[in-house]
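Inside the fold
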Amino acid sequence: AAPGVLSRFRGALVGSVLGDCIGGEFEGAVDVPLDRVLQHLSALEDETRGDGILQYSDDTAMMRCVADSLLTRMAFDERDMARRFAKEYNLAPGRGYGSGVIQVLRKLASPHLKDVFQPAQAQFGGRGSFGNGGAMRAAPLALAFKSRADVCKYSRFGAMLTHSCSLGYNGAALQALAVHLSLQGALALPKEFINKLISEMEEMEKDEKAQLDAKALNLSEFPYCSRLHRVKELMDRNSVSIEEVISELGNGIAALQSVPTAIFCVLHCLEPRDGLPERFGGLERTISYSLALGGDTDTIACMAGAIAGAHYGIDSIPQSWQKSCEGVEEADDLARRLYNFYCLP
Ligand code: 8NA
Ligand code: MG
Ligand code: MG
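First, a word on what this report is: a plain description of the structure on this page. (Residues numbered from 1 in each chain as written. Chains lettered and ligands numbered in written order. Predicted model: local features only at pLDDT ≥ 70, side-chain atom pairs only at ≥ 80, totals over all residues. Heavy atoms only, no water.)

**Quick word on the overall build of the protein chain**
What counts here: Under the DSSP-based scheme used, a helix requires at least four consecutive residues in state H or I and a strand at least two consecutive residues in state E, with every element numbered from the N terminus. For the radius of gyration, the atoms used are the C-alpha atoms, and the globule rule reads 2.2 Å times the number of residues raised to 0.38. Residue exposure (1.4 Å probe, protein chains only): buried if accessible area is under 20% of the type maximum, exposed if over 50%, otherwise partly exposed. Two residues qualify as a contact provided that any one of their heavy atoms is within 4.5 Å of a heavy atom in the partner residue. Residue burial considers only the protein chains on display, and all accessible areas are found by Shrake-Rupley using a 1.4 Å probe. In this count, Lys and Arg are taken as positive residues and Asp and Glu as negative ones, while His and the chain termini are left out. Just so you know, the charge point we use is NZ for Lys, CZ for Arg, CG for Asp and CD for Glu.
Regarding its fold elements, the protein chain presents 18 helices and 0 strands. A compact globule built from 345 residues would reach a C-alpha radius of gyration of about 20 Å, and the protein chain, at 18 Å, matches this within 12%. On the principal axes, the C-alpha backbone points of the protein chain span a range of 55 × 45 × 40 Å. Looking at the protein chain as a whole, 59% of its 345 residues qualify as buried. Sequence separation of at least 24 residues holds for 76% of the intrachain contacts in the protein chain that already meet a minimum separation of 6. Entry remark: accessible area of the protein chain is about 14,400 Å², with carbon and sulfur atoms responsible for 49%. The protein chain carries 35 positive and 44 negative side-chain charges, and their two centres are separated by 6 Å.

Written out as structure tokens, the structure reads:
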């Protein structure tokens with residue numbers, strides 16, 4: 001039976017934390033053999049292993065700020081969210097933040113700051129960050145808003161607090177939309193799922209700023225749409241190598257090189273795949289496959305984990321994985337509270 005809505009909410013936020021914690025092991029690695037991924041995963045099932053719990057990184061730290069802010073303010077409040085990012089960074093600066101975003105977080109801590117979007121706009125010579133930091137924390141926004149238009153609008157605003165380049169905030173909107181559609185069961189029809197994402201991104205990328213940013217970065221027009229078309233082509237193929245996925249979609253810290261990749265991981269792993277254990281369910285396949293791509297593994301697995309968790313629900317996630325990762329209980333609690341706030345009549 002398809003999971004219920006509460007199970008999907010919990011799966012989304014817990015799946016995101018698992019991807020971050022489990023993916024941290026391979027962050028930045030160029031070549032990650034599937035054997036090593038499976039070894040890392042089977043160690044999670046070993047209760048006697050001595051290396052303790054896997055810690056979460058900036059991805060989860062900021063996702064928690066987004067959820068806490070939405071729950072406390074009962075709406076999107078950019079000043080409150082900015083303050084939480086700054087406070088969280090100040091309390092735990094060693095969670096692996098991107099080198100650029102640290103400057104923004106320091107400025108956001110100033111009590112004299114008038115415009116909370118200003119520090120992000122000053123990044124990279126005024127061009128703004130195109131990193132995946134807005135997208136990695138976008139999942140709670142997909143749980144908080146009922147309409148697709150609101151999910152897009154607020155995930156873009158939420159990202160703009162640190163990422164003012166349209167590639168950065170449109171990537172966040174794409175990730176939030178993918179989670180939102182998945183919560184509604186849309187992955188039951190994968191072709192329609194990807195087509196919906198393409199048509200939403202067409203609207204977003206028509207925007208003048210999006211056109212200018214793409215040109216300034218020497219990208220084709222409609223960069224997200226063209227990546228999503230590549231995702232669609234790869235979906236149609238019987239076999240796809242890891243190398244092809246990396247060269248067609250990317251595995252880097254730019255949102256353009258990681259959000260469509262995460263979406264592909266989920267779609268590709270809807271079915272059993274060669275090299276992955278038969279006993280693995282879809283969420284386990286999605287996370288293992290994301291790690292095998294190498295590159296920004298914690299963030300790609302975090303984003304794929306949120307989309308997959310929304311599709312398969314909380315009961316698809318092995319207890320041993322949940323017990324191995326820091327912050328799972330808190331994420332579960334945030335998901336339940338978002339459900340209570342926004343889903344009950
Ligand atoms: P960010 O805004 O600092 O962007 C990340 C990086 O992307 C920057 O440090 C730049 O190198 C590059 N970049 C972004 N925009 C531009 C631009 N306009 N021109 C030139 N270079 C640019 O931080 P973020 O929040 O987007 O980063 C998210 C990633 O950082 C996540 O993957 C997260 O896991 C983390 N991360 C940490 C490590 C680590 O050392 N632990 C490594 C990679 C990523
Ligand atoms: Mg990280
Ligand atoms: Mg990362």
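From this point, the narrative continues.
**Notes on the environment of Val240**
Among the structural elements, Val240 can be located in the loop between helix 12 (223–236) and helix 13 (242–249). Along the sequence, Val240 and His268 sit 28 residues apart, while their C-alpha atoms lie 9.3 Å from each other. Those residues in contact with Val240 that lie beyond four places of it in its chain are Leu234 and Val245.

**Things to note about the coordination of the magnesium ion (ligand 2)**
Defined as follows: Coordinating donors are taken to be N, O and S atoms lying within 2.8 Å of the metal, or within 3.2 Å when the metal is Na, K or Ca; because water is excluded from the atom set, some sites may appear incomplete.
At 2.1 to 2.3 Å from the magnesium ion (ligand 2) lie its protein donor atoms, namely Ser57 (OG), Asp58 (OD), Asp59 (OD) and Asp298 (OD). Each donor residue of the magnesium ion (ligand 2) lies on one chain, and together they are spaced S-D-D-x238-D. For Ser57, a relative accessible area of 11% corresponds to the buried category. Judged by relative accessible area, which is 1%, Asp298 ranks as buried.

**Describing the coordination of the magnesium ion (ligand 3)**
The cut-off we apply is this: For four-coordinate sites, all angles between 85 and 135 degrees define a tetrahedron; for four- and six-coordinate sites, opposite donors beyond 155 degrees with the remaining angles between 65 and 115 define square planar and octahedral shapes respectively, and all other cases count as irregular.
Protein coordination at the magnesium ion (ligand 3) comes from Glu27 (OE), Asp296 (OD), Asp298 (OD) and Thr299 (OG1), with a distance range of 2.0 to 2.7 Å. If you look at the magnesium ion (ligand 3), its 6 donor atoms make angles of 77 to 166° with each other, and the shape they trace is octahedral. Between consecutive donors of the magnesium ion (ligand 3), the numbers of intervening residues give the motif E-x268-D-x1-D-T. A distance of 3.6 Å spans the gap from the magnesium ion (ligand 3) to the magnesium ion (ligand 2), which Asp298 bridges by coordinating each metal. Linking Glu27 in the loop between helix 1 (5–23) and helix 2 (34–45) with Thr299 in helix 16 (residues 297–312), this pair joins segments that are 272 residues apart in sequence.

**Regarding the pattern of salt bridges**
Our working rule: Any carboxyl oxygen of Asp or Glu that lies within 4 Å of a side-chain nitrogen of Lys or Arg is treated as forming a salt bridge with it.
Overall, the coordinates contain 13 salt bridges when judged by the stated rule. A salt bridge links Glu45 to Arg279; the nearest nitrogen and oxygen atoms lie 3.6 Å apart. Placement of the pair is Glu45 in helix 2 and Arg279 in the loop between helix 14 (259–268) and helix 15 (282–292), with a sequence separation of 234 residues. The shortest N-O distance in the salt bridge between Asp213 and Lys209 comes to 2.7 Å. Taken as a pair, Asp213 and Lys209 lie in helix 11 (residues 208–216) at a separation of 4 residues, close to a single helical turn.

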